[in-house]
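Listed below, chain by chain, are the residues.
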Amino acid sequence: MLKRWQFTAGTGEYSSVGAVIRRSLTGVWDRFAASDPGLLRLMAGLRTVAAIALTLVVLAVLGTDVTHLVAGAMTAMVATFAIKEKQVRGQAVTLALGLPVALAAVSLGALLHSLIIAGDIFFVALIFGAVYCRRFGDRGTALGLIGFQTYFVSLFVGATVDALPVLALTLAIAFVCSAVVRFTVVPETPQRILQWLRGAFRARVAQLVATHIELLDARPDQLDKVLDDLRRHTARLHESALMIQGRLEDGTRDAATAALLQRRVADAEIATERLGVLLLNARTAKSADTLTLHLPQAPLPTAKNEMPAEDAATVTLRRDLNALHLLVSRGAADQPGTAVAHVRNRLLGYRDEDNLPRASIAVQDVFRGIGEAARSVLGLRLALDGPQDESDDTPATTRSREEFDAEDVALAGAEEPREDDRAGLRRPTTRAAFQIAVGSTLAIVGGEFLSAQRWYWAVLTCWVVFLNTASTGEIIIKGYRRLLGTVLGVVAGVGLAGLVGQHTWTAFALILLFVFAMFFTAPLSYALMSFFVTAMLGLLYTLLNTYSLDVLILRIEETALGAACGIIAAAIVLPVHTDRRTDDLLGTVLSKLDEVVSASVDQLSGGHAADLLGLSRDLDTALDELRASTRPLTHPISPLRVRRQTVRYLVALLETSAYHARSLAATAELLPYSKSIAADPRLERVGRRIARNIETITAHLRGDRTEAKVSSGATIISLLESDGSGAPNPGTVTYRVLRHLQRLDENVSALARPLDVPVAGQPEPKAQRGSRADAGAVRN
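Computed from a predicted model, the values in this text were never measured in an experiment.

J.: So, the pattern of salt bridges: which residues are in play, and what are the values?
T.: Enumeration over the complete set of coordinates arrives at 17 salt bridges. Of the charged contacts, one joins Arg662 and Glu273 as a salt bridge, the two residues approaching to 3.2 Å between their closest N and O atoms. Of the two residues, Arg662 is situated in helix 25 (residues 641-670) and Glu273 in helix 10 (residues 255-283); the sequence distance between them amounts to 389 residues. Residue class for Arg662 comes out buried when judged on its relative accessible area of 6%. Overall, the relative accessible area of 3% leaves Glu273 in the buried class. Here Asp745 and Arg689 are joined by a salt bridge, their closest N and O atoms 2.7 Å apart. Here Arg689 lies in helix 26 (residues 683-702) and Asp745 lies in helix 28 (residues 733-752), a separation of 56 residues in the sequence. Across the pair, exposure class does not vary: Asp745 and Arg689 are buried alike. Salt bridges here are not isolated pairs; linked through shared partners, they connect Glu269, Glu273, Asp620 and Arg662.

Written as structure tokens, this is what we have:
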């Protein structure tokens, strides 16, 4: 007989089989939501496919021929994916403005159809204007993209003046269908996206806690695999946190609520990441550094040769990690009764020293980490779901609630975004406009030699490789990926064209499938997206009765030509070399790191309060930009293997430093209203060396003539002991702060060697920064 009830570990509750099945399905959905934060890729694909499908249905009912079906489908796709504004009203305005822009572009394309030279000149001017319009934000970017793509549609379908009325009606129908889908069928509102991102963040926290449980139970020969999972889930959690912070201002009712959620998300991220470090430290014979979590293939500290002894502390630790996973993975509506409240109270009790189990210092640190993680879960729940039942609260839970209430009162208004002060050719959009105009001119000339009918494929490739790139190296990598995807897509297109034949609606069904796959995979793999684009084009050519193997081979040739023209233009017209850009971004990251550390130490020493979480967010943003700019240097096709390793090591050091800086900031934020944290003036002294070392590295990075050297030697704690006051006891907040400062000091000092910055007491590096002719940050 099937058992209808099942015991749930962690809470001591019995659950029905139906409840277990529902939780299992919820777990599957949570894993999917974690893989696609906010369901942004899923919704983008569904929205675009639905707009194209509705357009095709309307046009088919009106008896439109295949050529206009293709034009309508392409226009609906452009009108849907081009608009990126967050507010619904802004989306509606941009869509309304996009229709006259599209009609003007298609009309000019039809009028200039037979005027080759005039048409080419206008196309280049249109491309320049479309790129230049990006400086006006999301609306300017969308209108420029709509203008370019609809002009391309006129070239693709061979628009003429006689066919212009029907084509204009087709475009209007496509825009209307796009609006219907966007605002009624698959609506996109900031509040809904933020809600989905919240679910993705919760799912990724749960995944990371589940990995912590695996780390506790892993055999020594399994630690490397578990550590890889730990790195991956930690990076994904950070990605979700940044995505949420980018949506807060538009998705919440006011600035105070946005600041509150930002603080709670940062607390949860730091607490969960710190728990992994503490658990890794308890599982290894030597103290683990967070560099292990951020550097792939980093050596794991010497592992114990046997599984942790199954003593009372280990059993309790496993139970409480499972309980923490339960608290994270189940929403507030799924946690009725007193059992979950009892679990929450027990975990929060570990924030008090008297409630810690008898165990080693390292294991007790893990229990403290569980307590802080439970506190962050409670804070996130209060911020997202509002006040909850307090009847079962213990003193530890009440204290946590009081701390959150004090933080809420202390919240200040959000800062206004800073404007980009770069002007003229220093402005990225202006520089990119000139680069792509030159590249497109070369692509038009070269494309005409390859084919007088389909030269525009080279121009399209040149246009695409410049999107979302900021250096020559990024353009090279993107061009390579597009060419690779195109070659594979041609192979697929040959097979699909033979299978589909003249079955029009079968071809359109496959096109819709490829469009969805194109948008769903775009953020994951540009080569894969290019594959689906090319396979889709093969089907479109089949529908237009212009398919042949020669056409697809020409597609490869035009793609290679367009990528080459883009690379040449990026290299000779106002070039931004990858090494120079990475050096500039590295200097920015170091400056932001200095700001966070200095402000945190100042506040922890009793100084004035600052917007530490805002500074931390600026640091994370700068670090993400640096990480993106180094991808060409760490790509497998890069021939300089040593430089690849150096860049990865530098980025890992900076990610580790950013983690410790965020932890300091989060601790300092608690200072004004916490009963367990007090200012310690001694910390000001030990923070000076870190700030001075960061300034020294930054000066050498800029190429300043300076004799300053990075200081190293005595540990941070020994500096504190030298004034006769003695070191703080392990387990205290001051000791935790000193540990973060010690790791920061070690990581900042470690940056000196790969950057050729002299270190006091060590031999001079072979290459001095003051006399270098190029950026050494990526040339070691």
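Back to the write-up after that little detour.
J.: So what's going on with the environment of Leu744? Which residues, and what values?
T.: Tracing the backbone shows Leu744 in helix 28. With relative accessibility at 0%, the residue Leu744 sits in the buried group. A sequence separation of 84 residues divides Leu744 from His660, and the C-alpha atoms of the two residues are 6.5 Å apart. Excluding anything up to four places from it in sequence, Leu744 contacts Leu593, Val597, Ser657, His660, Ala661, Leu664 and Ile690.

J.: Kindly report on the packing of aromatic side chains, identifying the contributing residues and their values.
T.: Per the stated rule, a full pass over the model turns up 20 aromatic pairs. Judged by centre distance (6.4 Å) and plane angle (75°), the ring pair of Tyr132 and Phe136 falls under edge-to-face. By relative accessible area, Tyr132 is classed as partly exposed at 26%. Each member of the aromatic cluster is reached from another via a ring pair, and the members are Phe122, Phe123, Phe148, Tyr151, Phe152, Phe156, Trp455, Tyr456, Trp457 and Trp463. Above the face of the Trp463 ring, Arg134 is positioned so that its terminal group lies 5.6 Å from the ring centre. Cation over ring: Arg555 sits above Trp457, and NZ or CZ is 4.7 Å from the ring centre.

J.: Lay out the side chain of Ser616 with the relevant residues and their values.
T.: Within the secondary structure, Ser616 is located in helix 23 (residues 612-629). Residues in contact with Ser616, not counting those within four places in the same chain, are Val596, Arg662 and Ala665.

J.: Account for a nonpolar patch on the surface, with residues named and values stated.
T.: A cluster of nonpolar residues, Val438, Leu442, Ile568 and Ile572, forms a patch on the protein surface that exposes about 330 Å² of accessible area. Elements with a minimum of two residues in the nonpolar patch: helix 16 (428-450) and helix 21 (549-572). With respect to the secondary-structure elements, Ile568 resides in helix 21. With a relative accessible area of 43%, Ile568 lands in the partly exposed category.

J.: If you had to explain the packing of helix 19 (residues 504-521) against helix 20 (residues 526-543) to someone new, which residues and values would you point to?
T.: With their axes 9 Å apart at the nearest point, helix 19 and helix 20 run at an angle of 160° to one another. In terms of axis orientation, helix 19 runs roughly antiparallel to helix 20. The handedness of the crossing between helix 19 and helix 20 comes out as left-handed. Side by side, helix 19 and helix 20 meet where Thr504, Ala507, Phe508, Leu510, Ile511, Phe514, Val515, Ala517, Met518 and Thr521 of the first sit next to Leu528, Met529, Phe532, Val533, Ala535, Met536, Leu539, Leu540 and Leu543 of the second. Looking at the contact of helix 19 with helix 20, its residues break down into 17 nonpolar, two polar and no charged.

J.: Mind laying out the packing of helix 5 (residues 116-132) against helix 16, listing which residues take part and the relevant values?
T.: Their axes nearest at 8 Å, the elements helix 5 and helix 16 cross at an angle of 155°. Considering their axes alone, helix 5 and helix 16 lie roughly antiparallel with respect to each other. Taken as a pair, helix 5 and helix 16 cross one another with a handedness that is right-handed. In this structure, helix 5 uses Ile116, Asp120, Val124, Ile127, Phe128, Val131 and Tyr132 to contact helix 16, whose residues at the interface are Thr429, Thr430, Ala432, Ala433, Phe434, Ile436, Ala437, Ser440, Thr441, Ile444 and Glu448. Tallied by class, residues from the contact of helix 5 with helix 16 come to 12 nonpolar, four polar and two charged.

What counts and how
- Residues numbered from 1 in each chain as written.
- Predicted model: local features only at pLDDT ≥ 70, side-chain atom pairs only at ≥ 80, totals over all residues.
- Heavy atoms only, no water.
- Salt bridge = Lys/Arg side-chain N within 4 Å of Asp/Glu carboxyl O.
- Helix = DSSP H or I, 4+ residues; strand = E, 2+ residues; numbered from the N terminus.
- Buried < 20%, exposed > 50% of the residue type's maximum accessible area, 1.4 Å probe, protein only.
- Contact = heavy atoms within 4.5 Å.
- Phe/Tyr/Trp six-rings, centres within 6.5 Å; stacked < 30°, edge-to-face > 60°.
- Lys NZ or Arg CZ within 6 Å of the ring centre and 35° of its normal.
- Patch = residues over 30% accessible without salt bridge, like charges linked within 9 Å, V, L, I, M, F, W, Y side chains within 5 Å.
- Areas by Shrake-Rupley, 256 points an atom, 1.4 Å probe, with all protein chains shown as cover.
- Axes fitted to C-alpha atoms, helices over the stretch in contact; angles between N-to-C directions.
- Parallel < 35°, antiparallel > 145°, perpendicular 65-115°, else oblique.
- Left-handed = near helix turned anticlockwise from the far one by under 90°.
- Nonpolar A, V, L, I, M, F, W, Y, C, P; charged D, E, K, R; others polar.

Bear in mind that shape data such as this cannot, by itself, settle questions of function.
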